[in-house]
Amino acid sequence: MDYSVTTRLKGVVAMTSSFHADPVLRRDRSLYKFIWVQRGTLTLVIDHVETQLAAGEIVSLTPLHRIEFGESGAEYLALLFNSDFYCIYGHDDEVSCNGLLFNGSSDVMRLKLTAGQSEALHEITDRIAAEYAVADNLREEMLRILLKRFIITCTRVARERFAAGAGSERQFDIVRRYYVLVDRYFREKKQVQEYALLLHRSPKTLSNLFAVYGLPSPLQVIRDRTQAEARRLLLYTSKSAKEVAGILGFEDAASFSRFFKGATGKSISEYRRGK
């Protein structure tokens, strides 16, 4: 199963069961990704960390995440799109997934589907596959609608995971918006108080909300996002520790080195050597 459409405005939406073997899609660093395991166990290396997904599990990844596929006989489906096809920032009021399904931390969203949820998503992907066969001027918009349905369904699954029902949507949305703000400002804003001001809440209120949903503390979210970006820059670029420190908003290379050693247990040079 391999389907792909590129629009006149460089939008891309693709659905494939062989993403691991598609050099064009694998090179595209603009893609948001849902990877849904259908049968067997799939090994993914996400930001240099090995993760195993069982049948019925979905992981959602941003363009920031670097992934590799391990040896596996698993069957999976990947649904891929870029912001030129569907912008999750511009349509946040429609799908409410930004910061929940998609954020830049290496602690990615992992969903375990019930039989009913799996059936609902299969219905959508079957419709997507059928729509690819229609070559008219309405196909692009229909694919966008179906992608939105897929995202909304996964958003609902994620909310159920955190027991964020109808009565607590507003509170949970504060948590989601916090993740969005951290993604945007983590390089220059390092304290919870700075985000609390943007959200018109107190740091204590934020800490209590995160505890209710069993999430890492607000301060840990900032540190995790910074650490994830540091890992990517150290692993996938040739930038020096001093350059990375500057990009991430540290005063100097020494303070960045202390942060990284405390977060990972390894020095920067050990990490780059793979020890």
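For the structure, check the block above.
So, here's what we can say about the structure.

Calculation rules
Residues numbered from 1 in each chain as written. Predicted model: local features only at pLDDT ≥ 70, side-chain atom pairs only at ≥ 80, totals over all residues. Heavy atoms only, no water. Disulfide = S-S within 2.5 Å. Buried < 20%, exposed > 50% of the residue type's maximum accessible area, 1.4 Å probe, protein only. Helix = DSSP H or I, 4+ residues; strand = E, 2+ residues; numbered from the N terminus. Polar contact = N/O pair within 3.5 Å; in protein donor to acceptor, adjacent residues only side chain to side chain. Contact = heavy atoms within 4.5 Å. Pairing = 2+ DSSP bridges. Axes fitted to C-alpha atoms, helices over the stretch in contact; angles between N-to-C directions. Arc of directions from axis to C-beta. Parallel < 35°, antiparallel > 145°, perpendicular 65-115°, else oblique. Left-handed = near helix turned anticlockwise from the far one by under 90°. Nonpolar A, V, L, I, M, F, W, Y, C, P; charged D, E, K, R; others polar. Phe/Tyr/Trp six-rings, centres within 6.5 Å; stacked < 30°, edge-to-face > 60°. Lys NZ or Arg CZ within 6 Å of the ring centre and 35° of its normal. Salt bridge = Lys/Arg side-chain N within 4 Å of Asp/Glu carboxyl O.

Should the sulfur atoms of two cysteines be covalently bonded, the bond is a disulfide. Taken as a whole and judged by the stated rule, the model has 0 disulfides. No disulfide involves cysteine 87; its sulfur sits 9.8 Å from the nearest other cysteine sulfur, which is in cysteine 97. According to the relative accessible area criterion, cysteine 87 is partly exposed, its value standing at 24%. The thiol of cysteine 97 is unpaired, and the distance to the nearest cysteine sulfur, on cysteine 154, comes to 9.5 Å.

A few words now on the side chain of glutamate 57. As for its position among the elements, glutamate 57 is in strand E6 (residues 57–61). There is a polar contact of 3.1 Å between the side chain of glutamate 57 and the side chain of arginine 110. Among residues more than four places away in sequence, those in contact with glutamate 57 are Ile35, Trp36, Val37, Gln52, Arg110, Leu111 and Lys112.

Working definition: the strands of a sheet are paired by backbone hydrogen bonds and lie parallel or antiparallel to each other. Taken together, 3 strands build an open sheet; the order of strands is E5-E4-E7 and the sheet is antiparallel. The open sheet terminates on both sides in strands that have one partner only, identified here as strand E5 (49–54) and strand E7 (67–69). Here the strands of the sheet are splayed against their neighbours by 30 degrees on average, with no regard to which way each runs.

Within the span of helix H6 (residues 192–199), buried status applies to Val192, Tyr195, Ala196 and Leu199. In an axial view of H6, the angular spread of the buried residues amounts to 105 degrees, which keeps them on one side of the axis. Once H6 ends, the next one or two residues include histidine 200, with phi positive near 60 degrees.

When you tally the buried positions in strand E3 (residues 32–39), you get 6 out of 8 residues, the bulk of the element. Bridge count for E3 against E6 is 4 bridges, and the pairing is antiparallel. Pairing of phenylalanine 34 across the sheet is with serine 60, part of E6.

Attention shifts here to the packing of helix H5 (residues 169–185) against H6. Where H5 meets H6, the closest approach of the two axes is 10 Å, and the angle between their N-to-C directions is 120 degrees. If you check the angle between H5 and H6, you find them oblique. The two elements H5 and H6 cross, and the hand of that crossing is right-handed. In contact with Ile174, Arg177, Tyr178, Leu181, Val182 and Tyr185 of H5, H6 contributes Val192, Tyr195, Leu198 and Leu199. Of the residues that constitute the contact of H5 with H6, the class distribution is 9 nonpolar, no polar and 1 charged.

With that settled, the discussion passes to the sheet that holds strand E9 (residues 109–112). Pairing is antiparallel across the open sheet formed by 6 strands, whose spatial order is E1-E2-E8-E3-E6-E9. Lying at the two open borders of the sheet, with one neighbouring strand each, are strand E1 (2–6) and E9. Between one strand axis and the next, the sheet turns by 10 degrees as a mean value, whatever way the strands run. Across 4 bridges, E6 lies against E9 in antiparallel orientation.

Before going further, it helps to examine the packing of aromatic side chains. All chains considered together, the criterion is met by 18 aromatic pairs. Taking the centre distance of 4.9 Å and the plane angle of 80 degrees together, the rings of phenylalanine 172 and tyrosine 213 count as edge-to-face. Residue phenylalanine 172 is located in helix H5, and its partner tyrosine 213 is located in the loop between helix H7 (203–212) and helix H8 (218–236); the two are separated by 41 residues in the primary sequence. A relative accessible area of 8% places tyrosine 213 in the buried class. A connected cluster of aromatic rings, assembled from ring pairs, spans Tyr32, Phe34, Trp36, Phe81, Phe102 and Phe150. For lysine 189, the ring lying beneath its charged end belongs to tyrosine 185, and the centroid distance is 5.4 Å.

Attention now goes to the pattern of salt bridges. All chains considered together, the criterion is met by 13 salt bridges. Arginine 144 serves as the salt-bridge partner of glutamate 140, at 2.8 Å between the closest nitrogen and oxygen. Highlighted residues: glutamate 140 and arginine 144, both in helix H4 (residues 139–161), separated by 4 residues, approximately one helical turn. Ionic contacts of the salt-bridge type, sharing partners, join the residues Asp47, Asp183, Arg187, Arg225, Glu229 and Arg232 into one network.

In the Ramachandran plot, histidine 48 falls in the positive-phi region, its phi being about 75 degrees despite a non-glycine side chain. Along the chain, the position of histidine 48 falls in the loop between strand E4 (41–46) and E5. Given a relative accessible area of 52%, histidine 48 falls into the exposed group. You will see that serine 96, though not glycine, has its phi angle at about 50 degrees, which is positive. Inspection of the secondary structure assignment puts serine 96 in the loop between helix H2 (92–95) and E9.

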